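Chains, contacts and geometry: an overview
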There are 2 protein chains.
Amino acid sequence: MRDAYNDQLDAIFDDLAGICRRVQIAVSEATAALMTGDAAIAERVISDDIEIDRARERVEETAFGLLALQQPVAGDLRTVVAALRMVGELERMGDLSVHVAKVARLRVPAIAVPEEIRPTMTRMATVAEDMVSRVCDVITGRDVEAAIALGRADEEMDQLRRTSFSELLSGDWPHGVEAAVDIALLGRYYERIADHAVSIANRVIFVVTGHNPAPAA
Amino acid sequence: MRDAYNDQLDAIFDDLAGICRRVQIAVSEATAALMTGDAAIAERVISDDIEIDRARERVEETAFGLLALQQPVAGDLRTVVAALRMVGELERMGDLSVHVAKVARLRVPAIAVPEEIRPTMTRMATVAEDMVSRVCDVITGRDVEAAIALGRADEEMDQLRRTSFSELLSGDWPHGVEAAVDIALLGRYYERIADHAVSIANRVIFVVTGHNPAPAA
């Protein structure tokens, strides 16, 4: 009984890691659609999101089953409750990738991001995707040190947000209001993806150590 | 024992309703700061948010205590887990109010929202605050019908978002990029507050009926 139970706990974390890899693909493909104006890739991100939603439902069912039937305590209880919250955040990161893809789709065959601001926006996308990749490893390895390091990566994202705003508001922005609104919202989506990665990393720290490292972003 | 336990379950819902009322005040005051350019009100929203965060921590401690010590099953288990998720969403709504207040503060003594777009933005703020108020009642009364009705209120918010974008992108927007970016982000913050209200209402439906009415927004 006890073995099957620990297998189920491990299975939840494996499922979370699997969902995380799907999210990473969604972020990566949404960015590709955005930077190339490729409608087919944007559509794929949007339609594949249902797989992330379904995977979330499966994790929720497993977690509720464990809570109801096995009545875990202490560390195991923390793990199951944290898993329920982490899977909600992963689903949200998938939704944010869909938002990026929808901005891309709206501007096809044009590219939503004007050329001058592409280096900053590409870097934001890269930082976000890298943070997602790292949080997948944190989940897989229950790696507290990597989780702590991830919190610091968030600082580059904050700096990039400031840079993108100063580029928009420099006074000689020639691309009009529509492009500015796209950039502001896209920046917000990537920033939120990064925030969720940090928050999930903090939940892994809580699972492993029993303590919250810092308030969730 | 059993009585104290049910008292604790009720107390969690009372705490959630109390946090919800704080969130409602935060939304209302953030909007007042935004529409009047009042720095003192904006500061109050920003500094009072710590109270929402602390109240969230207390609910989490109570909920974890219940899970660990009382090992609830079935409906009671649903209630505790739902409470953990609802309190996370309420905290997030507080954070979004802080974002609105920070936009207001950044433009003081000016007003971030240009006059022509104030009717639409005021209506978005009113819809958001109204939805928060209604979800507080849903929490207090475990009112499934009111929760279902709340899902429909979200449609007006979607419509208002579209209206605000068409006002921004009409081609004769005279207020420049900075105001447009403010409006786009403010619209996003109010929309997210409304989304969370619907999501919390759906969780109450789940607690009461055992079924999810629809995927959370």
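As the structure is a prediction and not an experimental result, all values here were calculated from the model.

1. Side note on the overall build of chain A
- When you go through chain A residue by residue, the secondary structure sums to six helices and zero strands.
- Along its sequence from the N terminus, chain A presents helices and strands in the succession α-α-α-α-α-α.
- Here the C-alpha atoms of chain A give a radius of gyration of 19 Å, agreeing with the 17 Å that 2.2 N^0.38 yields for 217 residues.
- A principal-axis box enclosing the C-alpha atoms of chain A has dimensions of 65 × 35 × 20 Å.
- Counting every position in chain A, which comprises 217 residues, the buried fraction comes to 54%.
- Restricting the contact set of chain A to residue pairs at least 6 apart, pairs at least 24 apart contribute 82%.
- Accessible surface, chain A: about 8,900 Å² in total, of which carbon and sulfur atoms supply 51%.
- With 23 positive and 36 negative side-chain charges, chain A shows a spacing of 3 Å between the two charge centroids.

2. A word on empty space enclosed by the protein
- Taken as a whole and judged by the stated rule, the model has one cavity of 30 Å³ or more.
- Each pocket or cavity is described by its volume, and for the largest cavity that value is around 50 Å³.
- Lining the largest cavity we find A:L67, A:Q71, A:P72, A:L77, B:L67, B:Q71, B:P72 and B:L77.
- Residue classes in the lining of the largest cavity are distributed as six nonpolar, two polar and no charged.

3. What about the pattern of salt bridges?
Residues and elements named next belong to chain A.
- Per the counting criterion, the structure on display carries 34 salt bridges over all chains.
- E89 serves as the salt-bridge partner of R203, at 2.9 Å between the closest nitrogen and oxygen. Of this pair, R203 sits in helix α6 (residues 176–209) while E89 sits in helix α3 (residues 74–107), and the two are 114 residues apart along the sequence.
- Classification of E89 as buried rests on a relative accessible area of 10%.
- Notably, a salt bridge pairs D182 with R107, separated by 2.7 Å at the nearest N-O pair. With D182 in helix α6 and R107 in helix α3, this residue pair connects regions lying 75 residues apart in the sequence. Across this residue pair, the class does not change: D182 and R107 are buried.

4. Comments concerning the interface of chain A and chain B
- If you look at the interface, chain A gives 29 residues, while chain B gives 29 residues.
- At the boundary of chain A with chain B, total buried surface from both sides reaches about 2,800 Å², with 65% on carbon and sulfur atoms.
- There are two salt bridges connecting chain A and chain B.
- In this structure, B:R85 and A:E60 form a salt bridge, with 2.8 Å as the shortest nitrogen-oxygen distance.
- Elements with a minimum of two residues in the side of chain A that touches chain B: α2 (39–70), α3, α5 (144–168) and α6 of chain A.

5. Observations regarding the packing of helix α5 (residues 144–168) of chain B against helix α6 (residues 176–209) of chain B
All names here are of chain B.
- One can describe the packing of α5 onto α6 by two numbers: an axis separation of 9 Å at closest approach and a directional angle of 165°. One element, α5, and the other, α6, form an angle in the roughly antiparallel class. For the pair α5 and α6, the sense of crossing is left-handed.
- Grouping the amino acids of the contact of α5 with α6 by side-chain chemistry returns 17 nonpolar, three polar and six charged.

6. Observations concerning the relation of the copies chain A and chain B
- The transform that puts chain A on chain B rotates by 180° and translates by 0.0 Å along the axis, for an RMSD of 0.0 Å. Expressed as an axis order, the relation between the two copies is that of a two-fold axis.
- Here 100% of the contact residues of chain A are again contact residues in chain B; the copies associate through an equivalent surface.

7. Quick look at the UniProt feature "domain: PhoU" (unreviewed entry) in chain A
Residue and element names in this part refer to chain A.
- Under the UniProt annotation, "domain: PhoU" (unreviewed entry) lies at residues 20–103 and 122–204.
- End-to-end, the C-alpha atoms of residues 20–103 are 22 Å apart, and along that stretch the chain is 94% helix and 0% strand.
- Measuring from the first to the last C-alpha atom of residues 122–204 gives 28 Å, for a span that is 89% helix and 0% strand.

8. Concerning unusual backbone geometry
- The peptide bond linking A:V108 to A:P109 adopts the cis configuration, its omega dihedral lying at 5°.
- In this model, B:Q71 sits at a positive phi of 45°, which is unusual for a non-glycine residue.
- Its place among the elements puts B:Q71 in the loop between α2 (39–70) and α3 (74–107).
- Assessed through its relative accessible area of 27%, B:Q71 is described here as partly exposed.
- Although it is not a glycine, B:R142 adopts a positive phi angle of roughly 45°.

Cut-offs used in this document
- Residues numbered from 1 in each chain as written.
- Chains lettered and ligands numbered in written order.
- Predicted model: local features only at pLDDT ≥ 70, side-chain atom pairs only at ≥ 80, totals over all residues.
- Heavy atoms only, no water.
- Helix = DSSP H or I, 4+ residues; strand = E, 2+ residues; numbered from the N terminus.
- Rg over C-alpha atoms; globule rule 2.2 N^0.38 Å.
- Buried < 20%, exposed > 50% of the residue type's maximum accessible area, 1.4 Å probe, protein only.
- Contact = heavy atoms within 4.5 Å.
- Areas by Shrake-Rupley, 256 points an atom, 1.4 Å probe, with all protein chains shown as cover.
- Lys, Arg positive; Asp, Glu negative; His and termini not counted.
- Charge placed at Lys NZ, Arg CZ, Asp CG, Glu CD.
- 1 Å grid on protein atoms, 1.4 Å probe; cavity = no way out; pocket = protein on both sides within 12 Å on 5 of 7 lines; lining within 4 Å.
- Points joined across faces, edges and corners; volume = space filled by probe spheres on them.
- Nonpolar A, V, L, I, M, F, W, Y, C, P; charged D, E, K, R; others polar.
- Salt bridge = Lys/Arg side-chain N within 4 Å of Asp/Glu carboxyl O.
- Buried area = accessible area lost by both parts, 1.4 Å probe.
- Axes fitted to C-alpha atoms, helices over the stretch in contact; angles between N-to-C directions.
- Parallel < 35°, antiparallel > 145°, perpendicular 65-115°, else oblique.
- Left-handed = near helix turned anticlockwise from the far one by under 90°.
- Least-squares fit on C-alpha atoms with pLDDT ≥ 70 in both.
- UniProt positions renumbered as here; feature names shortened; annotations may be inferred.

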